[in-house]
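# Report on the structure
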Amino acid sequence: MRDDGEQLANAGSMALTIVLPDGTSTSIAPVAPTSTGIYAHDYTTVQAGRHTVRWVATGINAGAYTDQFDVREATPRGLLSLADAKKHLNIPASSTTDDEELRGWIEATARVVEFFVGPVTRRTVVETHRVGSVHAVALREAPVLEVVSLSPVLTGGTTYAAADFDVDGSSGIVQRLDGSRFTGPLRITYTVGRAVVPANISHAARIILQHLWRTQRGSARGPALAGSDDYSVTEQIPGLGYAVPNRALELLQPDRLPPGVA
């Protein structure tokens, strides 16, 4: 806080409100200054997502300030470990200055790769399919490792056991083994990803990460990040622009999703 003369000064009283991703909030008041005009509060997060912070000073030197911070998921998507990424970028393992920023780019790289080849990291998906009576259901993400449950949305509907249906992991098509129809609407819980990540996908991830990191750092990282054919970008990807180097696209080609598969 600062007074009218722009000097650090305490407020009459300071309150803090944190709005969590689910819309609930927690309030802390009063918050004592750690030194003249400086206020801080340690908050242990309990949810992943965007948090909004609102500081309100009342009385002398009244004012207000709003900010945000994001909390990552406990198990974020990431095709590369932090150590693997630093090794590829020629960042010494002992250097931790850029670790937090690098983690964000590792997650961004995973999303870009999965845009082309579908889920790579293992995770659970829950979907509602508002179908009537059908022979097969097309899951929205593939490859599929396992269908955990297939249950009705409406009371009195049919629950299907795993022994009742077959799953084509590569396409995500689920059909009944006896040839009968599914009756919906259905809520399907399933697991996607790859048990083993092919080398072409992991190497494409390294190239994309290095390209994205270079756009942040320019040539400051030395010859290892200088321009080369491997990092040339000539193809504009709808929704991604020029974020993917040509060499990465070539490496991902054998595993690219067929049209119509998300």
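Description of the structure in this document. This structure is a prediction, so every number in the text was calculated from the model and none was measured.

Next up on the list: the overall build of the protein chain. Helix and strand counts for the protein chain come out as four helices and 14 strands. Relative to its full complement of 262 residues, the protein chain shows a buried share of 34%. The long-range share in the protein chain, meaning contacts at least 24 apart out of those at least 6 apart in sequence, stands at 65%.

As a further point, take the sheet that holds strand 1 (residues 13-19). Taken together, the four strands give an open sheet; going across it, the order is 2-1-5-6, and neighbouring strands pair in antiparallel fashion. Of all strands in the sheet, those with a lone pairing partner are strand 2 (25-28) and strand 6 (63-71), marking the two edges. Direction aside, neighbouring strands of the sheet carry axes that sit 15° apart on average. Two elements, strand 1 and strand 5 (residues 49-58), share seven bridges in a ladder whose sense is antiparallel. Within the sheet, the bridge partner assigned to Ile18 lies in strand 5 and is Val53.

The tally for this structure, following the rule as stated, stands at eleven salt bridges. Across the salt bridge formed by Arg123 and Glu141, the nearest N and O atoms sit 3.4 Å from each other. Residue Arg123 is found in strand 7 (residues 123-129), and its partner Glu141 is found in the loop between strand 9 (136-138) and strand 10 (144-152); the two are separated by 18 residues along the sequence. The exposure class assigned to Arg123 is buried, which follows from its relative accessible area of 17%. Classification of Glu141 as partly exposed rests on a relative accessible area of 22%. One salt bridge connects Arg176 with Asp178, and the closest N-O pair in it is separated by 3.1 Å. Through salt bridges with shared partners, a single network forms among Arg72, Glu100, Arg103 and Glu107.

On to the pairing of strand 1, then. What you see with strand 1 is a clean split: Met14, Leu16 and Ile18 sit on the buried side and Ser13, Ala15, Thr17 and Val19 on the side with no burial. In the sheet, strand 1 pairs with strand 2 via four bridges, with the strands oriented antiparallel. For Leu16, the partnering residue across the bridge sits in strand 2 and is Ile28. Hairpin connection of strand 1 to strand 2: five residues between the antiparallel strands, including Gly23 at a positive phi of 95°.

Moving on to the environment of Thr52. In this structure, Thr52 sits in strand 5. Among the residues examined, Thr52 registers a relative accessible area of 28% and is labelled partly exposed. When neighbours within four sequence positions are excluded, Thr52 is seen to be in contact with Thr17, Ile18, Val19, Thr66, Asp67 and Gln68.

One finds Leu102, Val113, Phe116, Ile208, Val244 and Leu252 to be the most contacted residues of the largest nonpolar core, which totals 27 residues. Listing elements by their share of this core, those giving two or more residues are helix 2 (99-117), helix 3 (199-217) and helix 4 (246-252). Contact partners of Ile208, with chain neighbours within four places excluded, come to Thr109, Val112, Val113, Ala243, Val244, Pro245, Ala248 and Leu252. By size, the runner-up hydrophobic cluster in this structure holds 14 residues, among which are Tyr160, Phe165, Val174 and Ile188.

Another aspect to go through is the environment of Pro245. Mapped onto the fold, Pro245 is located in the loop between helix 3 and helix 4. Separated by 35 residues in sequence, Pro245 and Gln210 have C-alpha atoms that sit 9.8 Å apart.

A polar contact is formed between the side chain of Arg123 and the side chain of Thr121, at a distance of 3.2 Å. Leave out the neighbours within four places in its chain, and Arg123 touches Arg77, Glu114, Glu141, Tyr190, Thr191 and Val192.

Turning next to unusual backbone geometry. Of the consecutive residues Ala29 and Pro30, the connecting peptide bond is found in the cis state with omega at -10°. Its place among the elements puts Pro30 in the loop between strand 2 and strand 3 (33-35). Put simply, Ala142 and Pro143 share a cis peptide bond, and its omega is 10°. Examined against the element boundaries, Pro143 turns out to sit in the loop between strand 9 and strand 10. With a phi close to 55°, Asn61 is a non-glycine residue in the positive phi region. Within the element layout of this structure, Asn61 appears in the loop between strand 5 and strand 6. Residues other than glycine seldom take positive phi values, yet Asn90 does so here, at roughly 60°.

Reading the values: the criteria
- Residues numbered from 1 in each chain as written.
- Predicted model: local features only at pLDDT ≥ 70, side-chain atom pairs only at ≥ 80, totals over all residues.
- Heavy atoms only, no water.
- Helix = DSSP H or I, 4+ residues; strand = E, 2+ residues; numbered from the N terminus.
- Buried < 20%, exposed > 50% of the residue type's maximum accessible area, 1.4 Å probe, protein only.
- Contact = heavy atoms within 4.5 Å.
- Pairing = 2+ DSSP bridges.
- Axes fitted to C-alpha atoms, helices over the stretch in contact; angles between N-to-C directions.
- Salt bridge = Lys/Arg side-chain N within 4 Å of Asp/Glu carboxyl O.
- Core = buried A, V, L, I, M, F, W, Y, C linked by side-chain atoms within 4.5 Å.
- Polar contact = N/O pair within 3.5 Å; in protein donor to acceptor, adjacent residues only side chain to side chain.

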